[in-house]
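# Observations on chain architecture
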Amino acid sequence: MRIVDVRERTVPISRYATRDVGRGGLDTTAVAVVTDVRRDGEPVVGFGFSSIGRFGQGGLIRERFAPRLVAAGEELASASGDNIDPFRAWDRMMRGEKPGGHGERCVAVGTLDMALWDAAAKIAGQPLHAFLADATGSRSSGAPVPVYAGGGYYFGADDTARLTDEVRGFLDRGHTHVKIKIGGLPLAEDLERIEAVLSLLPGADHLAVDAMNRYDPDQAVRAAHAMAPYGLRWFEDICDPLDFATHARIAELYPPPLAAGEALLSAADARNLARYGGLRADRDVLVFDPAHCYGLPGYLRIVRVMESAGWDRRAFQPHGGHLFSLHVAAALGLGGSEANPHNFQPFGGFADDAVVDGGRVRPPEAPGIGFETRSGLITLFRSLLRP
Ligand code: MG
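Residues numbered from 1 in each chain as written. Predicted model: local features only at pLDDT ≥ 70, side-chain atom pairs only at ≥ 80, totals over all residues. Heavy atoms only, no water.

### A closer look at the overall build of the protein
Each helix and strand counted, the protein has twelve helices and eleven strands in total. Relative to a compact globule of 387 residues, whose C-alpha radius of gyration would be 21 Å, the protein shows 20 Å and is just as compact. Each of the three principal axes of the protein carries a C-alpha extent, and together these read 60 × 40 × 40 Å. By the burial criterion, 59% of the 387 residues in the protein qualify as buried. Counting only contacts in the protein whose residues sit at least 6 apart along the sequence, the fraction spanning at least 24 positions is 72%. Surface accessibility of the protein: about 14,800 Å² in total, with carbon and sulfur atoms responsible for 49%. Across the protein, 42 positive and 49 negative side-chain charges occur, with their mean positions spaced 4 Å apart. (Helix = DSSP H or I, 4+ residues; strand = E, 2+ residues; numbered from the N terminus. Rg over C-alpha atoms; globule rule 2.2 N^0.38 Å. Buried < 20%, exposed > 50% of the residue type's maximum accessible area, 1.4 Å probe, protein only. Contact = heavy atoms within 4.5 Å. Areas by Shrake-Rupley, 256 points an atom, 1.4 Å probe, with all protein chains shown as cover. Lys, Arg positive; Asp, Glu negative; His and termini not counted. Charge placed at Lys NZ, Arg CZ, Asp CG, Glu CD.)

Quick look at the structure:
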C-alpha cells in the first residue's frame, strides 16, 4: 500500500465580487493522490483541495509534502496492511517540521490529508463519514447534518435587492439558517442589510453574521453594541484572529453567541483561544476548517483541546461549505456544517442530487468523500490525471 504519484493544480474559484478582494482573486489547489491499489482495473485515487478562503498551496505541496508521501513507500500502510493509514501518512508529511510557524503549511498538509482520507475510505469501500467514525471510535449515525447557507457578500450595485434575492434562493432550496458578511460597509449600512435579511426569516436566531476578521477593537465594540439587541444566531470572525483580548472584551459586553476559529490553524492557537479568548462554552460556536488546520489529525487535536477546556463537540460547525466538512460533521457528531450552495464553485456545495430538508442534509453514501457525486468537481479532479 503506497502512494505512487501526486498531481496538483491551482485553480481560481468563483466568489462574486467583494469590495476588497474582487472577483477572481481567490484560488485553491486541487490534488490527486494515486495509490498502488487497484479496483476494477483502475488505481484508487484520492482527491482533495485547499478548502476555501486561504489560496492555493501548489509550491509547498510540490516541493515539500508530496515528495515525502511518495518517498514513504510501504511506511504508509495500515497495521492490517490492507489500506493506507492517513494518520501514518500525516506523521510522514510532518517529519522534521518544527513546532510553530503554522502559517500556510497547515493548509498544504490539510489539502493532501483530505485526498488521503478520500483514498483510504475508497479502499475500505465506505463513505468517509462511516470510515472516519470507525477510525476515531465515534458513532456516526449517518443522520442528516444541520447546515446553514453561507453567502451574503457585498454585491456593489443593487446590493440590498440582490442580497435578499440570494437569501430567498437559500430558503427556496430548503435552507432554514443563513450567514451574511458584515464589516465591509459603514456600520449603519450593515445594519440595514441585516434588517433586510431578518425580514425574510422566522427569527433572528436564523441569521449569523461574519465580519471576516475586519474590525479593529473599537469598531468591534461599536458593532457589538449595535447588534446585541437583535439576538442573532452568532457574530463570527470579529477581529484579528489572534487578538484574544478583543474577543474577551466582546464576550463580556455581547450576550448572544460569538463564533471564532476559522482563521486559527493549529491546536496551539485553539489552546490560546480557550485560555484567553473569553468565549463561552455554553453558547459560542467554533468554526475551525478541518482542511486549513493540518487536515483531520490537526482538527481532531483541536476538538480534544476544546473538549478538555469544557466544550461540547456540538459547538463545532466546520467552515468550508463542502462535502469534506459535511462528512467530518456527520462522523464526529458536530453541531452542524456550513453550506456553500452557489459560491466558490465547483468546490462549494454537496452532491448534485443532495436534498436540503428542513435545513439538514445527508452526506453521500458513495465510497470516500463522494466528489464523484458532483459532476463539475469530479471532471476537474479527473483532469489532473491526464498526462
Ligand atoms: Mg468566517
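After that view of the structure, there is still more to cover.
### Some remarks on the sheet that holds strand β2 (residues 27–39)
The strand order across the open sheet built from three strands is β1-β2-β3, with neighbouring strands paired in antiparallel fashion. Two strands close off the open sheet at either side, each with one partner strand: β1 (3–12) and β3 (42–49). Taken over all neighbouring pairs, the strand axes of this sheet differ in orientation by 20° on average, direction set aside. Sitting on the sheet, helix α1 (residues 58–71) is in contact with β1 and β2, with an inclination near 165° to β1. On top of the sheet, helix α3 (residues 105–124) reaches β1, β2 and β3; it is set at about 145° to β3, its chief contact. (Pairing = 2+ DSSP bridges. Axes fitted to C-alpha atoms, helices over the stretch in contact; angles between N-to-C directions.)

### Thoughts on the state of the cysteines
The full count for this structure, using the stated rule, is zero disulfides. Lacking any disulfide linkage, Cys239 is separated from the closest cysteine sulfur, that of Cys293, by 18 Å. On the basis of relative accessible area, Cys293 is assigned to the buried category, the value being 1%. (Disulfide = S-S within 2.5 Å.)

### Describing the pairing of β2
In this sheet, β2 lies alongside β1 in antiparallel orientation, the contact comprising nine bridges. Opposite Arg9, over in β2, you have Ala30 as the bridge partner. Taken together, the seven bridges between β2 and β3 define a ladder with antiparallel strand orientation. The partner of Val34 across the bridge, within β3, is Val45.

### Quick look at the environment of Ala133
Of note, Ala133 is situated in helix α4 (residues 128–136). In this structure, the C-alpha to C-alpha distance between Ala133 and Asp216, residues 83 residues apart in sequence, is 40 Å.

### Thoughts on the nonpolar core
Ile194, Met227, Phe235, Phe288, Phe371 and Phe381 are the most contacted members of the largest nonpolar core, which totals 97 residues. Mapping this core onto the domain boundaries places at least three of its residues in each of domain 1 (3–125 + 376–383) and domain 2 (145–372). Phe381 has contacts with Ala30, Val31, Phe47, Gly48, Phe49, Phe347 and Phe371, leaving out every residue within four places of it along the chain. Counting residues in hydrophobic clusters, the runner-up holds 27 residues, among them Ala72, Trp90, Leu112 and Ile123. (Core = buried A, V, L, I, M, F, W, Y, C linked by side-chain atoms within 4.5 Å. Domains from an automatic or database assignment.)

### Thoughts on the pattern of salt bridges
Tallied over the entire structure, the rule returns 21 salt bridges. Lys179 is paired through a salt bridge with Asp210; the nearest N and O atoms lie 3.8 Å apart. Taken together, the positions of Lys179 in strand β5 (residues 178–181) and Asp210 in strand β6 (residues 207–210) put the pair 31 residues apart, joining distant regions of the chain. Relative accessible area serves as the criterion here: at 1%, Asp210 is assigned to the buried category. (Salt bridge = Lys/Arg side-chain N within 4 Å of Asp/Glu carboxyl O.)

### Quick notes on the packing of aromatic side chains
Pairs of aromatic rings are described using the distance from one ring centre to the other and the angle between the two planes. By the definition in use, this model includes 14 aromatic pairs. When the centroid spacing of 5.3 Å and the interplanar angle of 90° are considered together, the rings of Phe87 and Trp117 count as edge-to-face. One end of the pair, Phe87, is in helix α2 (residues 86–94); the other, Trp117, is in helix α3, with 30 residues separating them in the sequence. Its relative accessible area of 29% is what places Phe87 among the partly exposed residues. Judged by centre distance (5.5 Å) and plane angle (70°), the rings of Phe235 and Tyr254 are edge-to-face. Of the two residues, Phe235 is situated in strand β7 (residues 234–236) and Tyr254 in the loop between α8 (244–253) and β8 (258–260); the sequence distance between them amounts to 19 residues. Taken together, the ring pairs in this structure connect Phe47, Phe49, Phe347, Phe371 and Phe381 into an aromatic cluster. (Phe/Tyr/Trp six-rings, centres within 6.5 Å; stacked < 30°, edge-to-face > 60°.)

### Thoughts on the domain arrangement of the protein
Taken as a whole, the protein is organised into domain 1 (3–125 + 376–383) and domain 2 (145–372). One C-alpha centre belongs to domain 1, the other to domain 2; they are set 24 Å apart. On the domain 2 side, the residues contacting the 44 residues of domain 1 number 43 residues. Summing the contributions of domain 1 and of domain 2, the shared interface buries around 3,600 Å²; its carbon and sulfur component is 69%. Applying the counting rule to domain 1 against domain 2 returns one salt bridge. (Buried area = accessible area lost by both parts, 1.4 Å probe.)

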